[in-house]
Amino acid sequence: MIWHSFFFALFAALACGFALAVVLTSNVVRMAFYLVLSLSATAGLYFLAGADFVGSMQLMIYVGGTLVLLIFGVMLTAQEEFIRISTRPAEVALAAMVGLALLILLSSAAFRVPAWRGDTPAERSLALTPQTVGPIAMALLGLRVDQAPPTADSPPNDRPGYVLIFEIISVHLLVVLVGAAYLARGRIGANSLVRQDPSQPASDLDDLADADPSGSELLEASQTLDSPAETGA
Amino acid sequence: MQTSVEDPRVLEFDVRTDEMLVNMGPQHPSTHGVLRLVLRTDGEVVSEVTPHIGYLHRCAEKIGENLAVRQWIPYTDRMDYLAAMNMNLGWSLAVEKLHGYAPPERGRHLRVIIAELGRIASHLVGMGAYGLDLGSFSPFLYAFREREKILDLFEQACGARLTYSYLTPGGATADLPAGWTTRCLKMLDEFEPILPEYHTLLTSNAIFVKRTCKVGVLTADRAISYGVSGPVLRGSGVDFDLRRDGEPCYTQMYAGYDFQVIVERAGSYPATTGAPPPPPEAVLGDSWHRFYVRMLEVVQSISLVRQAIALYEAEEGLDHGQPFKLGAKLPVGETYLETEAPRGQMGFYLVSLGQPNPWRARARSSSFCNLSVIGEIGRGCLIADIPAIVGSLDIVMGEIDR
Amino acid sequence: MAVTLNRALDALTGWLVGSIGDDAACGYALAAILQAGMLLNLVAISGLVFIWLERKIAGRIQDRLGPTRTGGRFGWLQTIADGLKLLCKEDLMPGKADWLLFRLAPYIGLAASLSAFLALPFSGMPHPFVAQRLDVAVFFVLAVLGLEVFSVILAGYSSASKWSLFGAMREAAQVVSYEVPLGLCAVTPVMLAGSMDLVTIGDAQQGGFWNWYLLHSPFAFITFGVYFTCATASVNRAPFDLAEAESELVGGFHTEYSGLRWSLFFLAEYGSMMLVSLLAAILFLGGWHGVLPLGLGSGGWLEALLGTGIGGYLGALLGLVLLLTKGLLLVIFMMWARWSLPRLRIDQVMTTCLKYCTPIAAVCFLGATLWQASLPNGLLLRPYNAELLRAQAAGPVATPPADVLIVDTAGGRP
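Rules and cut-offs
Residues numbered from 1 in each chain as written. Chains lettered and ligands numbered in written order. Predicted model: local features only at pLDDT ≥ 70, side-chain atom pairs only at ≥ 80, totals over all residues. Heavy atoms only, no water. Helix = DSSP H or I, 4+ residues; strand = E, 2+ residues; numbered from the N terminus. Buried < 20%, exposed > 50% of the residue type's maximum accessible area, 1.4 Å probe, protein only. Contact = heavy atoms within 4.5 Å. Expected span 1.5 Å × (residues − 1). Bend = angle between axes of the 7 residues up to and from the residue. Buried area = accessible area lost by both parts, 1.4 Å probe. Salt bridge = Lys/Arg side-chain N within 4 Å of Asp/Glu carboxyl O. Patch = residues over 30% accessible without salt bridge, like charges linked within 9 Å, V, L, I, M, F, W, Y side chains within 5 Å. Areas by Shrake-Rupley, 256 points an atom, 1.4 Å probe, with all protein chains shown as cover. Pairing = 2+ DSSP bridges. Axes fitted to C-alpha atoms, helices over the stretch in contact; angles between N-to-C directions. Core = buried A, V, L, I, M, F, W, Y, C linked by side-chain atoms within 4.5 Å.

A. Fine view of the overall build of chain C. Looking only at helices and strands, chain C has 15 helices and zero strands in total. A buried classification covers 55% of the 414 residues belonging to chain C. Long-range contacts, defined here as pairs at least 24 residues apart, represent 75% of the contacts in chain C between residues at least 6 apart.

The structure is reproduced here in structure tokens:
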């Protein structure tokens, strides 16, 4: 257990330390980088808790997906004058208040979970019952295998699962995807107007528009691809 | 980030993107020497290409005014150093035109052998380096492997492997050594079956086709108006080759030879034995066609060398043309002669006041005109297309800067 | 492996320093150090071998000899000589670079490449050689592999060079988009085995090459092709090496790097190459199982001959050799492709991913699912299923509850 405590402390310190660094540094790109480290340390905490799936999710979606796009965006948009962000004291005070309020809210919520307050080993072991993602996956498909099977006298829609929510999210994402594709198309149309040149054969410009060399379509597509878990989480 | 609409043609929701000036070269791996291209890019799209030249300027033309015509031959070697034999030939023919001199028949065939071998060697480098520009390493070394054999032959003929100074006004510095033609024919016999390998690796390779087709399209009108020449011009479908259409004092060198100008006529190329047909994606004048013309010209040059060797060996006597005396005075007058070098029309201009050294010696470089179209055909393409276009123009900076 | 090794080390440390106190803690620490050291050396040594191999293969492909001088006839020590040279080079940094990110970037790439090996098994049951056996190993490996992109992005950004920035932009766009088809392809074996545990996936393919998921169905065969293409793209190998693209971007993201930091990028690249190749071998090519049923695993002749202890470990070791051989062959295939093919253009790379690889992977996943549902016992040869055989030997199977049955069908093999 000593290593568990040690690594918990290490990862917690890393997560908090880099979170602080995000707030305190003034360089935008470094902020994004510290956020990567902070979220990776959080993933480490998940692995430590035996939640391999959540940890991998954290790495893949937040660190590998969202933050790549974040850094990418910051990197490309941050010009010399925007690289450094100075914070005024009033903003610091306001942020501190909001942060403190959030901390109080979260910690009070955390302390209300009975299993986490467990004082006796029996209570603690209750919280450590091994669980797999199988039931969640089945519930997403509409089957609550984690609950008792239906009996003859139970109401027909006793165990609906999450299939409706899942579908709504999917449709929502589809809409976002289509919207992103539309925006990217419009932009290319505008650019090819600028590049209009009689010497270039028409097919060439069409190819360019199809391929979207600037990658914006792709970026937005991947952004939306990443968001299911954001919404889900 | 601010969203502003500066250009009315840019739609309202457009994210403003900054243009970036990128300096490609003069120390860039794929600008073929010390060429510097300034690219104005928006993301990966190039909106403007400006070539900057002059990094290899060595005042060769000024030096030419202070040397006897034969002494300037080594300087022509260093113009297009990948086809130095053809540079020697261009200058020699210009001087001979001023003299009104024609070399003996044996010397004429010798020059065809050497010039066409030089063309093969030069096109091999162009082909291999083009593969390198597109990220394919191995064809470069395959091409150099075959080029080495040609250089071996040149070395046996004149002692040098890069800057030959072999063909001079009057003829050649020496006749071909004994057994040279046999070795040359053996080399060609070994080389010809290898050509399909190059076609497999490059010409018909799916990625190569994707990278070169419809890239850098140069229409025939535009090609003519920019004065491009050589394979670049013929790749645009213009039927023009100085070996057939040049001045008599140059075309008489090829009198009696059977050859066709490599250019697309009515949708097909002559002499395509062993070469794959153009892919449906390719349009006339794109990088693929320029490359293809070079590949076919190699086949044609092989046939020309074979014909020339047969004619050379059939000649009676041993007179290959004696070089002019070093101190011999030039006739008063001026002359200009263009020859078909591997990269296009190489012209030499010469004004003489009756001294052994010319009053003016100038060179008209084919690569210079060929490079000048880069601003036109490089606009609107991607950064990765710039090496593909520059490679397909196959320029040599030594010739441009002189 | 962790548990076995820990037990052994625990006994060792308990015997050595029994009085010091919590020997379990020491055992864990020792086991961790040992395993991390072994993995580190695996990556480093394979990096050395791969660089030598790459030069030798490139040489042979190009009709040359490759290294011949350093270290005897075959130039064995060429990589070490190269490494020494790199060590001695000056560690340059551009004046306008972001010093922190510039210095950290190579380490991030190497760390991501190395830590993905944590969950990669090298042999199957009953002695799985794996540093940390995870239920979601496939997912973990892909997730960690995706982090390597950070090193390229940060290197490209912090170099304060336009060519580096271009490389970083390309890399980010490429890797993020290729993760989608890569994940879709990896899902097919997961579906067939009914588990994301790489040990289970590998062991589900035992008993000869006809049980490999590569030959499960035509769809799985195509999936393997798509997987390998996407894997090549996600580790930045030719013809997808756009982030480096020396003929266009000078050196891409590592233009400004020199010496040891530069070589760390390459160590990470070769590590990732090996990782995706081993993953392909486990997912599609039977992992540590032989082309023909060799009987090295549990219940084979090796165990019967030498007992479950030594025989089992020996079998696992031979399985490790088999797996490494398969991975090596795939790496050699990548090298072959690199020295033969021209490079694609960035928009063509994106088109390949979004218009071809992703739809093909999705359709093949669907096809493989339907194939498995309609032909659960395969077309020609009956797939090996240890549990089924055992159950048949034991007698009639009790009908499982309805819910469990559904879960099983969704999970793959009945």
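From this point, things continue past the structure.
B. Inspection of helix α7 (residues 162–193) of chain C at higher detail. All names here are of chain C. With 32 residues, α7 extends 47 Å from end C-alpha to end C-alpha; this agrees with the ideal 46 Å at 1.5 Å per step. Largest kink in α7: about 25°, centred on E179, with the proline P181 one to four residues after it. With 26 of its 32 residues buried, α7 lies for the most part within the structure. Following α7 by one or two positions, G194 has its phi on the positive side, about 70°.

C. Structural detail: the interface of chain C and chain B. Contact with chain C, which involves 25 residues of that partner, is made by 33 residues of chain B. Together, F166(C), P342(C) and R345(C) form the three largest contributors to the area buried by chain C at its contact with chain B, with a combined 22%. If you look at where chain C meets chain B, you find two salt bridges. For D63(C), the salt bridge goes to R145(B), with nearest N and O atoms at 2.5 Å.

D. The arrangement of a nonpolar patch on the surface in detail. All names here are of chain C. A surface patch of nonpolar side chains, about 940 Å² in accessible area, is lined by I45, L48, V49, F74, W76, L77, I80, L84, L87 and L260. Along the chain, L77 falls in the loop between α2 (23–61) and α3 (78–88). Overall, L77 belongs to the partly exposed group, its relative accessible area being 42%.

E. Examining the environment of C369(B) more closely. Residue and element names in this part refer to chain B. With respect to the helices and strands, the residue C369 is situated in helix α14 (residues 366–372). For the pair C369 and R70, spaced 299 residues apart in sequence, the C-alpha to C-alpha distance is 27 Å. Excluding anything up to four places from it in sequence, C369 contacts Y226, G227, V228 and R364.

F. Representation of the sheet that holds strand β8 (residues 360–364) of chain B in the model. Residue and element names in this part refer to chain B. Across the sheet, which stays open at both edges, the three strands sit in the order β6-β7-β8 with antiparallel pairing between neighbours. Looking at strand neighbours, the two that pair on one side only are β6 (333–341) and β8, the edges of this open sheet. Each adjacent strand pair in this sheet contributes to an overall mean axis angle of 15°, direction not counted. Taken together, the nine bridges between β6 and strand β7 (residues 344–352) define a ladder with antiparallel strand orientation. Following the sheet pairing, L337 is matched in β7 by F348. Contacts from helix α3 (residues 84–99) reach β6, β7 and β8, with the element oriented near 150° to β6.

G. The nonpolar core, seen in detail. By size, the foremost hydrophobic cluster in this structure holds 247 residues, and its most contacted members are L117(B), Y166(B), L120(C), L198(C) and Y227(C). Those residues in contact with L198(C), other than ones at most four positions away along the chain, are A119(C), L120(C), P121(C), A137(C), V138(C), V141(C), L279(C), I282(C), L283(C) and W288(C).

H. Local environment of the environment of S159(C). All names here are of chain C. Relative to the assigned elements, S159 resides in the loop between α6 (148–158) and α7. Taking the relative accessible area as the measure of exposure, S159 reaches 0% and is therefore buried. Considered as a pair, S159 and F253 are 94 residues apart in the sequence and their alpha carbons are 8.0 Å apart. Those residues in contact with S159 that lie beyond four places of it in its chain are P94, A97, F102, S164, F253, E256 and Y257.

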